[in-house]
Amino acid sequence: GPMPAGRLSDGTPVDLASVFEGVGAFQAGKIGLPRLDELEKKACPSCGSCSGLFTANSMNCLSEVLGLALPLGGTTLAMTEDRDALARATAARVADLIEQDLTARKILTEAAFDDAFAVDLALGGSTNTVLHLLAIAREAGLDYPLRRVDAISERVPHLSKISPSGPWHMEDLHRAGGVPAVIRELAAVPGLLNLERPTVSAEPLSALVERSPVRDREVIRSAGTAHAPRGGLAVLYGNLAPEGAVVKVGAVAP
(Lines give C-alpha, C1' and ligand atoms only; values in the text may rest on other atoms or scores of the structure.)
Protein backbone atom coordinates (compact mmCIF):
# COMPACT_ATOMS: atom_id res chain seq x y z
CA GLY A 1 0.00 0.00 0.00
CA PRO A 2 0.99 3.68 -0.05
CA MET A 3 3.69 4.85 2.33
CA PRO A 4 2.44 7.98 4.09
CA ALA A 5 4.18 9.86 6.89
CA GLY A 6 5.82 7.69 9.54
CA ARG A 7 3.69 6.50 12.45
CA LEU A 8 4.87 5.71 15.95
CA SER A 9 3.49 2.64 17.71
CA ASP A 10 0.76 4.83 19.26
CA GLY A 11 -0.29 6.08 15.79
CA THR A 12 1.25 9.56 16.08
CA PRO A 13 2.42 10.80 12.65
CA VAL A 14 6.12 11.72 12.55
CA ASP A 15 8.53 12.99 9.92
CA LEU A 16 12.01 14.45 9.46
CA ALA A 17 11.23 17.43 11.72
CA SER A 18 10.24 14.99 14.49
CA VAL A 19 13.73 13.45 14.29
CA PHE A 20 15.40 16.87 14.57
CA GLU A 21 13.22 17.63 17.61
CA GLY A 22 13.92 14.15 19.01
CA VAL A 23 17.68 14.66 18.90
CA GLY A 24 17.25 17.89 20.90
CA ALA A 25 14.86 16.23 23.36
CA PHE A 26 17.30 13.33 23.85
CA GLN A 27 20.22 15.71 24.47
CA ALA A 28 18.08 17.59 26.99
CA GLY A 29 17.23 14.34 28.76
CA LYS A 30 13.51 14.61 27.94
CA ILE A 31 13.31 11.31 26.05
CA GLY A 32 15.31 8.10 26.29
CA LEU A 33 17.29 6.25 23.64
CA PRO A 34 14.46 3.76 22.88
CA ARG A 35 12.15 6.64 21.86
CA LEU A 36 14.85 8.29 19.72
CA ASP A 37 15.58 4.91 18.14
CA GLU A 38 11.88 4.47 17.27
CA LEU A 39 11.77 7.98 15.78
CA GLU A 40 14.82 7.24 13.62
CA LYS A 41 13.37 3.98 12.35
CA LYS A 42 9.83 5.19 11.65
CA ALA A 43 10.01 8.86 10.62
CA CYS A 44 10.80 8.30 6.92
CA PRO A 45 9.20 4.96 6.07
CA SER A 46 9.76 4.66 2.33
CA CYS A 47 12.17 5.33 -0.52
CA GLY A 48 10.42 8.62 -1.31
CA SER A 49 11.46 12.03 -0.02
CA CYS A 50 10.46 12.78 3.59
CA SER A 51 6.75 13.46 4.01
CA GLY A 52 6.74 17.17 4.92
CA LEU A 53 6.87 20.23 2.69
CA PHE A 54 10.63 20.66 2.97
CA THR A 55 12.81 21.72 0.03
CA ALA A 56 12.49 18.51 -2.04
CA ASN A 57 8.71 18.25 -1.91
CA SER A 58 8.31 22.02 -2.27
CA MET A 59 10.29 21.97 -5.52
CA ASN A 60 8.52 18.83 -6.67
CA CYS A 61 5.17 20.61 -6.27
CA LEU A 62 6.48 23.73 -8.01
CA SER A 63 7.69 21.64 -10.96
CA GLU A 64 4.00 21.03 -11.69
CA VAL A 65 3.27 24.76 -11.63
CA LEU A 66 6.28 25.67 -13.77
CA GLY A 67 4.90 23.24 -16.34
CA LEU A 68 7.83 20.82 -16.18
CA ALA A 69 5.99 17.91 -14.50
CA LEU A 70 2.66 16.21 -15.09
CA PRO A 71 -0.28 17.02 -12.77
CA LEU A 72 -0.08 15.46 -9.29
CA GLY A 73 3.61 14.68 -9.82
CA GLY A 74 4.44 16.72 -6.73
CA THR A 75 2.27 14.80 -4.27
CA THR A 76 1.73 11.26 -5.61
CA LEU A 77 3.21 8.94 -2.99
CA ALA A 78 6.26 6.73 -3.55
CA MET A 79 5.80 2.98 -3.96
CA THR A 80 2.23 3.23 -5.27
CA GLU A 81 0.58 2.12 -8.51
CA ASP A 82 -0.25 5.80 -9.12
CA ARG A 83 3.46 6.69 -9.03
CA ASP A 84 4.28 3.88 -11.48
CA ALA A 85 1.49 5.07 -13.81
CA LEU A 86 2.80 8.64 -13.58
CA ALA A 87 6.28 7.45 -14.58
CA ARG A 88 4.87 5.66 -17.63
CA ALA A 89 2.77 8.69 -18.62
CA THR A 90 5.82 10.93 -18.21
CA ALA A 91 7.92 8.77 -20.53
CA ALA A 92 5.17 8.88 -23.16
CA ARG A 93 4.89 12.67 -22.87
CA VAL A 94 8.67 13.10 -23.25
CA ALA A 95 8.43 11.38 -26.64
CA ASP A 96 5.53 13.69 -27.65
CA LEU A 97 7.38 16.82 -26.51
CA ILE A 98 10.47 15.90 -28.53
CA GLU A 99 8.25 15.48 -31.57
CA GLN A 100 6.56 18.85 -30.92
CA ASP A 101 9.93 20.53 -30.13
CA LEU A 102 8.42 21.95 -26.93
CA THR A 103 11.60 22.68 -24.97
CA ALA A 104 12.08 23.70 -21.35
CA ARG A 105 12.98 27.27 -22.36
CA LYS A 106 9.66 27.62 -24.20
CA ILE A 107 7.82 26.51 -21.04
CA LEU A 108 9.88 28.51 -18.54
CA THR A 109 8.49 31.97 -19.22
CA GLU A 110 8.24 34.86 -16.79
CA ALA A 111 4.55 33.96 -16.33
CA ALA A 112 5.52 30.41 -15.32
CA PHE A 113 7.75 31.74 -12.53
CA ASP A 114 5.07 34.20 -11.40
CA ASP A 115 2.66 31.29 -11.00
CA ALA A 116 5.26 29.08 -9.29
CA PHE A 117 5.99 31.77 -6.71
CA ALA A 118 2.26 32.33 -6.16
CA VAL A 119 1.68 28.63 -5.40
CA ASP A 120 4.87 28.52 -3.32
CA LEU A 121 3.58 31.37 -1.15
CA ALA A 122 0.11 29.81 -0.87
CA LEU A 123 1.67 26.53 0.29
CA GLY A 124 4.14 28.23 2.63
CA GLY A 125 7.02 26.38 0.95
CA SER A 126 10.63 26.31 2.09
CA THR A 127 12.70 29.54 1.84
CA ASN A 128 15.11 27.48 -0.29
CA THR A 129 12.51 27.51 -3.07
CA VAL A 130 13.39 31.16 -3.71
CA LEU A 131 17.04 30.22 -4.28
CA HIS A 132 16.10 27.36 -6.59
CA LEU A 133 13.43 29.17 -8.61
CA LEU A 134 15.68 32.19 -9.16
CA ALA A 135 18.53 29.85 -10.19
CA ILE A 136 16.24 28.06 -12.68
CA ALA A 137 15.06 31.43 -14.03
CA ARG A 138 18.66 32.45 -14.56
CA GLU A 139 19.41 29.21 -16.43
CA ALA A 140 16.31 29.86 -18.57
CA GLY A 141 17.80 33.25 -19.52
CA LEU A 142 15.31 35.35 -17.57
CA ASP A 143 16.05 38.38 -15.43
CA TYR A 144 13.71 37.73 -12.51
CA PRO A 145 14.26 40.23 -9.67
CA LEU A 146 13.66 39.38 -6.01
CA ARG A 147 11.34 42.39 -5.64
CA ARG A 148 8.92 40.68 -8.01
CA VAL A 149 8.57 37.83 -5.49
CA ASP A 150 7.61 40.24 -2.73
CA ALA A 151 5.05 41.96 -4.97
CA ILE A 152 3.42 38.57 -5.61
CA SER A 153 3.51 37.65 -1.91
CA GLU A 154 1.42 40.71 -1.05
CA ARG A 155 -1.41 39.40 -3.24
CA VAL A 156 -1.29 35.68 -2.40
CA PRO A 157 -3.16 34.28 0.62
CA HIS A 158 -1.53 31.55 2.71
CA LEU A 159 -3.85 28.58 2.07
CA SER A 160 -2.07 25.52 3.39
CA LYS A 161 0.06 24.51 6.39
CA ILE A 162 1.91 21.29 5.67
CA SER A 163 4.60 20.02 8.07
CA PRO A 164 6.87 21.63 9.31
CA SER A 165 4.37 24.54 9.34
CA GLY A 166 1.33 22.49 10.39
CA PRO A 167 0.01 19.05 11.31
CA TRP A 168 -0.57 17.74 7.78
CA HIS A 169 1.73 15.79 5.46
CA MET A 170 2.12 15.24 1.73
CA GLU A 171 -0.48 12.47 1.64
CA ASP A 172 -3.00 14.93 3.11
CA LEU A 173 -2.20 17.55 0.47
CA HIS A 174 -2.58 14.86 -2.21
CA ARG A 175 -5.88 13.63 -0.75
CA ALA A 176 -7.16 17.23 -0.65
CA GLY A 177 -6.59 17.62 -4.40
CA GLY A 178 -2.87 18.37 -4.60
CA VAL A 179 -1.29 21.26 -6.46
CA PRO A 180 -4.10 21.49 -9.07
CA ALA A 181 -6.59 22.20 -6.25
CA VAL A 182 -4.30 24.89 -4.81
CA ILE A 183 -4.02 26.46 -8.29
CA ARG A 184 -7.83 26.37 -8.54
CA GLU A 185 -8.19 28.34 -5.28
CA LEU A 186 -5.63 30.94 -6.40
CA ALA A 187 -7.40 31.26 -9.75
CA ALA A 188 -10.25 32.84 -7.78
CA VAL A 189 -7.97 35.84 -7.08
CA PRO A 190 -8.48 38.10 -10.15
CA GLY A 191 -5.46 38.50 -12.42
CA LEU A 192 -3.12 36.45 -10.25
CA LEU A 193 -2.37 33.41 -12.43
CA ASN A 194 -1.59 32.69 -16.08
CA LEU A 195 -3.39 29.44 -16.84
CA GLU A 196 -3.15 29.33 -20.66
CA ARG A 197 0.65 29.03 -21.00
CA PRO A 198 2.42 25.95 -22.40
CA THR A 199 3.24 23.06 -20.05
CA VAL A 200 4.33 19.45 -20.53
CA SER A 201 0.65 18.42 -20.30
CA ALA A 202 -1.50 18.05 -23.39
CA GLU A 203 -3.98 20.56 -21.89
CA PRO A 204 -3.56 24.01 -20.32
CA LEU A 205 -3.77 24.48 -16.54
CA SER A 206 -7.17 26.13 -16.97
CA ALA A 207 -8.66 22.80 -18.14
CA LEU A 208 -6.95 20.93 -15.30
CA VAL A 209 -8.26 23.15 -12.51
CA GLU A 210 -11.83 22.87 -13.76
CA ARG A 211 -11.84 19.23 -12.69
CA SER A 212 -9.65 19.61 -9.58
CA PRO A 213 -11.91 20.51 -6.65
CA VAL A 214 -10.58 20.92 -3.11
CA ARG A 215 -11.55 17.76 -1.21
CA ASP A 216 -10.49 18.88 2.28
CA ARG A 217 -11.03 22.46 3.36
CA GLU A 218 -8.87 22.04 6.45
CA VAL A 219 -5.82 21.13 4.38
CA ILE A 220 -6.39 23.59 1.48
CA ARG A 221 -8.30 26.68 2.53
CA SER A 222 -10.09 29.17 0.31
CA ALA A 223 -8.84 32.72 -0.13
CA GLY A 224 -11.68 33.85 2.15
CA THR A 225 -10.65 31.58 5.02
CA ALA A 226 -6.86 31.74 4.51
CA HIS A 227 -4.38 31.27 7.37
CA ALA A 228 -3.08 34.74 6.52
CA PRO A 229 -4.00 37.33 3.86
CA ARG A 230 -0.47 37.30 2.42
CA GLY A 231 1.95 34.54 1.50
CA GLY A 232 4.25 32.57 3.76
CA LEU A 233 7.46 34.27 2.58
CA ALA A 234 8.49 37.92 2.51
CA VAL A 235 11.50 39.80 1.16
CA LEU A 236 13.17 42.27 3.52
CA TYR A 237 15.57 45.05 2.55
CA GLY A 238 17.85 47.09 4.79
CA ASN A 239 21.46 47.82 5.70
CA LEU A 240 21.99 44.16 6.73
CA ALA A 241 20.66 42.90 3.40
CA PRO A 242 20.90 45.62 0.73
CA GLU A 243 20.12 43.10 -2.03
CA GLY A 244 17.26 41.54 -0.12
CA ALA A 245 16.71 38.70 2.35
CA VAL A 246 13.97 36.07 2.37
CA VAL A 247 12.12 35.29 5.60
CA LYS A 248 9.45 32.69 6.37
CA VAL A 249 6.79 35.01 7.81
CA GLY A 250 4.87 32.29 9.61
CA ALA A 251 7.95 31.10 11.49
CA VAL A 252 9.19 34.39 12.98
CA ALA A 253 7.83 36.89 15.51
CA PRO A 254 5.81 39.74 13.89
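Bear in mind the structure is a predicted one, so any value in this text is a computation, not a measurement. (Residues numbered from 1 in each chain as written. Predicted model: local features only at pLDDT ≥ 70, side-chain atom pairs only at ≥ 80, totals over all residues. Heavy atoms only, no water.)

All told, the structure shown has 1 cavity of 30 Å³ or more when counted by the stated rule. In this structure, the largest cavity encloses a volume near 80 Å³. Taken together, Glu-64, Gly-67, Ala-69, Leu-70, Pro-71, Ile-183, Thr-199, Ser-201, Glu-203, Pro-204, Leu-205 and Leu-208 make up the lining of the largest cavity. Here the residues of the lining of the largest cavity sort into 7 nonpolar, 3 polar and 2 charged. (1 Å grid on protein atoms, 1.4 Å probe; cavity = no way out; pocket = protein on both sides within 12 Å on 5 of 7 lines; lining within 4 Å. Points joined across faces, edges and corners; volume = space filled by probe spheres on them. Nonpolar A, V, L, I, M, F, W, Y, C, P; charged D, E, K, R; others polar.)

In regular strands, side chains alternate between the two faces of the sheet. Where strand β3 (residues 233–238) lies against strand β4 (residues 241–248), 5 bridges are found, and the strand directions are antiparallel. Note on β4: the bridge partner recorded for Leu-236 is Ala-245. Between β3 and β4, which follow one another and run antiparallel, lie 2 residues. (Pairing = 2+ DSSP bridges. Helix = DSSP H or I, 4+ residues; strand = E, 2+ residues; numbered from the N terminus.)

All right, on to the packing of aromatic side chains then. A complete count under the given rule lists 2 aromatic pairs for this structure. Ring centres of Phe-113 and Tyr-144 lie 6.0 Å apart, and the angle between their planes is 50°; this geometry places the pair in the tilted category. With Phe-113 in helix α6 (residues 110–123) and Tyr-144 in the loop between α7 (128–139) and α8 (146–153), this pair connects stretches of sequence that are 31 residues apart. We classify Phe-113 as buried; its relative accessible area is 0%. When the ring of Phe-117 is compared with that of Tyr-144, the centres are 5.5 Å apart and the planes differ by 25°; the resulting orientation is stacked. In this pair, Phe-117 sits in helix α6 while Tyr-144 sits in the loop between α7 and α8, placing the two residues 27 residues apart along the sequence. With relative accessibility at 0%, the residue Phe-117 sits in the buried group. With relative accessibility at 7%, the residue Tyr-144 sits in the buried group. Taking NZ or CZ as reference, Arg-147 lies 3.8 Å from the ring centre of Tyr-237, over its face. (Phe/Tyr/Trp six-rings, centres within 6.5 Å; stacked < 30°, edge-to-face > 60°. Buried < 20%, exposed > 50% of the residue type's maximum accessible area, 1.4 Å probe, protein only. Lys NZ or Arg CZ within 6 Å of the ring centre and 35° of its normal.)

Counting all residues, the mean pLDDT for the chain is 94, and 98% of those residues have values of 70 or more. Of all secondary-structure elements in the chain, the lowest mean pLDDT belongs to β3, at 90, while helix α10 (residues 178–186) reaches the highest, 98. (pLDDT = per-residue confidence, 0-100.)

Before going further, it helps to spend a moment on the nonpolar core. Counting residues in hydrophobic clusters, the biggest one holds 49 residues, and the most contacted among them are Val-119, Ile-183 and Leu-186. Taken together, the elements giving at least two residues each to this core come down to α3 (55–66), α6, α7, α8, α9 (170–175), α10, α11 (205–210) and β3. With 9 residues, the single largest contributor to this core is α6. (Core = buried A, V, L, I, M, F, W, Y, C linked by side-chain atoms within 4.5 Å.)

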